[in-house]
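Overview (structure and organization)
Here's the letter readout for the chains.
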Amino acid sequence: MSNYASYKERLQQLLCDPEGKRYDEATLQEALRLALEVYSRACPRLVDSVLTLAESGCQQQVALPDGMLFVVDVCFPYVANSAQHVRRMPCTFTFDAMALVVTFVGGTEPQTGEQMQVTFAMGHTLQDLDGAAVTSVAEGHATLLVVGAATAALDMRSQALVEAYGARSDTVTLLQQMADRYRLRFDEGMRALAPQRPAMALPRRRGFRLDAWDGA
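Residues numbered from 1 in each chain as written. Predicted model: local features only at pLDDT ≥ 70, side-chain atom pairs only at ≥ 80, totals over all residues. Heavy atoms only, no water.

Counting residues in each nonpolar core, the largest one holds 35 residues, and the members touching the most others are Y7, L11, L15, L32, L126, L145 and L154. Elements with a contribution of two residues or more to this core: α1 (4–14), α2 (25–42), α3 (142–165) and α4 (170–193). Counting residues per element, this core draws most heavily on α3, at 11 residues. Setting aside anything within four residues of it in sequence, one finds L15 in contact with R22, Y23, L28, A150, A153 and L154. (Core = buried A, V, L, I, M, F, W, Y, C linked by side-chain atoms within 4.5 Å. Buried < 20%, exposed > 50% of the residue type's maximum accessible area, 1.4 Å probe, protein only. Helix = DSSP H or I, 4+ residues; strand = E, 2+ residues; numbered from the N terminus. Contact = heavy atoms within 4.5 Å.)

Written as C-alpha cells, this is what we have:
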C-alpha cells in the first residue's frame, strides 16, 4: 500500500521537480490535502457505527467520528446478522456540537438496549500525512490523486510568483497552462467517480426526513 513518501515522489516527478528545488515540503503536503478533500467528497469511505441505546426515547445522540463528511444512512432497529437490520424507521436528524441528533417520528420510540446503525461518509487518509496510520485511497485511484495534487501545487506556485513579481511572467503563464491540463484530467476523473458516490443525507435544513427507501 502506498504512503505519503511514494505519493510525494510521484508528485515531484509530475511537477518536473524530482529534487524538490521548486516545491517545498509544506506545498506538497498541502497540495495532497486539497486533492484528498476533493477526492473524498467524490468517493468517500463508508464507516458503520452501531450504537446500543443507553436510554429510551424518540431522540438519540450519536458521537461524530473525526473526519466525517456527511451522513449516508440511519438504520433502526438494527439487528446484526439479520434481515431485520434493513428496516429504517422515519426520522429526522440535526447536528448539535459534536453529535448527530436523531429524532424518530410517527410514534416510534426506541427502547433501552436496542441498536441503531449510522453510516458515515469519511474523508480518506494517506499513511504518514498528518499522522495517518493507513492509506485508504484505492490503489487504482492513486494516479488520479497525484494529478489533483499537481494541479493544486501548480496553482499555489503560480499565485506565489504573481504576488512576488506583480505581473504575469512567462513562467506564470506556463505554470497555469500546466495546471489547466492537469485540472481537466482530475475533473474528468471526479465526474467518473460520481456515480459511485453514496446518496448524501446531510440535511440542508433543520431536519431531513428518512423513509424506507433512503440509502437503499
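Alright, that's what it looks like, and here's the rest.
Across its 24 residues, α4 extends 35 Å between first and last C-alpha, which sits within 8% of the 34 Å expected from 1.5 Å per residue. For α4, every residue scored as buried is listed here: V172, L175, M178, A179, Y182, F186, G189, M190 and L193. (Expected span 1.5 Å × (residues − 1).)

With that settled, consider α1. Those residues of α1 not exposed but buried are Y4, Y7, L11 and Q12. Here the buried residues of α1 occupy an arc of 135° about the axis, which is enough to place them on one side. Of the residues trailing α1, C16 is marked for its positive phi of about 55°. (Arc of directions from axis to C-beta.)

Let's shift gears to the pairing of strand β2 (residues 59–63). Going residue by residue along β2, you find Q60 and V62 tucked away on one face and Q59, Q61 and A63 left uncovered on the opposite face. Across five bridges, the pairing between β2 and strand β5 (residues 99–104) is antiparallel. Bridge pairing in β5 links Q60 to V102. (Pairing = 2+ DSSP bridges.)

This part covers the environment of R183. For R183, the position within the fold is in helix α4. Residue classification places R183 among the partly exposed residues on the basis of a relative accessible area of 26%. Those residues in contact with R183 that lie beyond four places of it in its chain are T151 and D155. For R183, the side chain forms a polar contact with the side chain of D155, separated by 2.8 Å. (Polar contact = N/O pair within 3.5 Å; in protein donor to acceptor, adjacent residues only side chain to side chain.)

To continue, consider the environment of A80. With respect to the secondary-structure elements, A80 resides in the loop between β3 (68–75) and β4 (91–96). Given the relative accessible area of 42%, A80 is considered partly exposed. As for A80 and Q115, which are separated by 35 residues in sequence, their C-alpha atoms are 9.0 Å apart.

Another point: the packing of α2 against α4. Pairs of packed helices are described in terms of their axes, by the angle between the two and the distance that separates them. Running from N to C, α2 and α4 point in directions that differ by 25°, and their axes come no closer than 9 Å. It follows that α2 is roughly parallel to α4 by the angle criterion. Residue-level inspection shows A35, V38, Y39 and A42 of α2 in contact with α4, the latter providing F186, M190 and L193. (Axes fitted to C-alpha atoms, helices over the stretch in contact; angles between N-to-C directions. Parallel < 35°, antiparallel > 145°, perpendicular 65-115°, else oblique.)

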